[in-house]
Amino acid sequence: MRLDAVRERIRAAEERSGRAPGSVALLAVSKKQDAAKLRAAFAAGQTAFGESYAQEATGKMETLGPLDIQWHFIGRIQSNKTRQIAERFDWVHGLCDLKHAHRLSAQRPAGSPPLAACVQVNLDAEPGKAGLAPDRVADFVAACAGLPHLELVGLMTLPAPTEDKAAQGRPFRALRLLRDRIATPARPLPVLSMGMSADLEAAIAEGATLVRVGTAIFGPRA
Ligand SMILES: *Cc1c(COP(=O)(O)O)cnc(C)c1O
């Protein structure tokens, strides 16, 4: 496990970018990693974990039961999985369908805090990829405003990978500028969920508040 190395990358990127120390949260992406690895990361102080498959995640939740983990669903949301997500997770990052937003709010158990949600934005209009076109995000956010058990906290993006370091920042900057344009005092959308193992430095330079990191912590997925 390379949790310390990733923490150090985040710290260094915060410093280089003039960001406050500790302003970037680390989500440990544990999809296709077994529960023992999550347990080890938790013992090292990591409390937020990201999973992409509801079924797989539910198994780990049962195994790790008593640990006080914050669970983030980062996969593609399917209608037949919204109940599991609403009941078992604390956050969802890939929201881009109003029908799913309604279901998640309606299915959130009474007594649980609202489900925190990031709207996924498809910045480069990649076909087949989840996410809203940038010009549809403001209306989507407005349409979610009345949902009592869903709290839109920010935006998320998953750009096409590129080795070109100079190009890595472009989509992240676009996401930040979009957020700045559509944020209101009532709905500030403070969270920018962007950056992964290969490009977290570029994302932090452009204002990421949460990076989703898997392989750099846990190694290759099963
Ligand atoms: C798998 C995944 C990640 C983590 O990717 P790594 O390259 O392993 O860091 C981040 N975000 C999403 C949405 C993912 O599906």
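Look up a bit, the structure's there.
Residues numbered from 1 in each chain as written. Predicted model: local features only at pLDDT ≥ 70, side-chain atom pairs only at ≥ 80, totals over all residues. Heavy atoms only, no water.

With that settled, consider the side chain of S105. Relative to the elements of secondary structure, S105 occurs in helix α5 (residues 98-107). A distance of 3.0 Å separates the side chain of S105 from the backbone nitrogen of H149, its partner in a polar contact. (Helix = DSSP H or I, 4+ residues; strand = E, 2+ residues; numbered from the N terminus. Polar contact = N/O pair within 3.5 Å; in protein donor to acceptor, adjacent residues only side chain to side chain.)

Looking now at the environment of P113. Within the secondary structure layout, P113 lies in the loop between α5 and β5 (115-120). The exposure class assigned to P113 is exposed, which follows from its relative accessible area of 55%. Along the chain, P113 and I69 lie 44 residues apart, while their C-alpha atoms are 15 Å from each other. (Buried < 20%, exposed > 50% of the residue type's maximum accessible area, 1.4 Å probe, protein only.)

It is worth spelling out the site of the ligand at this point. In the vicinity of the ligand, 13 residues are found, and the nearest of them are K31, S197, G214, T215 and R221. At a separation of 2.8 Å, an oxygen atom of the ligand approaches a polar backbone atom of T215. Take R221: an N or O atom from its side chain is 2.8 Å from an oxygen atom of the ligand. Protein contact buries 88% of the 390 Å² of open area that the ligand shows by itself. Counting atoms within 2 Å of the grid points, the majority share of the ligand lands in the largest pocket. Broken down by class, the residue content of the shell around the ligand amounts to six nonpolar, four polar and three charged. (Near = heavy atom within 4 Å. Areas by Shrake-Rupley, 256 points an atom, 1.4 Å probe, with all protein chains shown as cover. 1 Å grid on protein atoms, 1.4 Å probe; cavity = no way out; pocket = protein on both sides within 12 Å on 5 of 7 lines; lining within 4 Å. Sits in = over half its atoms within 2 Å of the grid points. Nonpolar A, V, L, I, M, F, W, Y, C, P; charged D, E, K, R; others polar.)

Let's shift gears to the side chain of R179. Mapping R179 onto the fold places it in helix α7 (residues 165-182). If we skip the residues at most four places from it in the chain, R179 touches L155, P188, L189, P190 and L192. (Contact = heavy atoms within 4.5 Å.)

Let us look at helix α6 (residues 137-144). Of the positions making up α6, those classed as buried are V137, F140, V141 and C144. End-on view of α6: buried residues confined to an arc of 100°, all on one side of the axis. Facing away from the buried side of α6 by more than 90 degrees, the exposed set consists of D139 and A142. Close packing links the buried residues of α6 with β4 (91-95), α5, β5, β6 (150-156) and α7. (Arc of directions from axis to C-beta.)

Counting 56 residues, the largest nonpolar core has L95, V137 and V211 as the members making the most contacts within it. Those residues in contact with V137 that sit more than four places away from it in its chain are V119, V121, L132, L155, L178 and I182. Formed by eleven residues, the second largest nonpolar core is a distinct cluster that contains A48, W91, V153 and L210. (Core = buried A, V, L, I, M, F, W, Y, C linked by side-chain atoms within 4.5 Å.)

Applying the stated criterion across every chain, the model contains twelve salt bridges. For E62, the salt bridge identified is with R88, shortest N-O distance 3.6 Å. In this pair, E62 sits in helix α3 (residues 54-63) while R88 sits in helix α4 (residues 82-88), placing the two residues 26 residues apart along the sequence. For the salt bridge of R173 with E206, the shortest nitrogen-to-oxygen distance reads 2.9 Å. Taken together, the residues span a long stretch of sequence, with R173 in helix α7 and E206 in the loop between α8 (200-205) and β8 (210-213) at a distance of 33 residues. On the basis of relative accessibility, which here comes to 44%, the residue R173 falls in the partly exposed class. Salt bridges here are not isolated pairs; linked through shared partners, they connect E8, R11 and E15. (Salt bridge = Lys/Arg side-chain N within 4 Å of Asp/Glu carboxyl O.)

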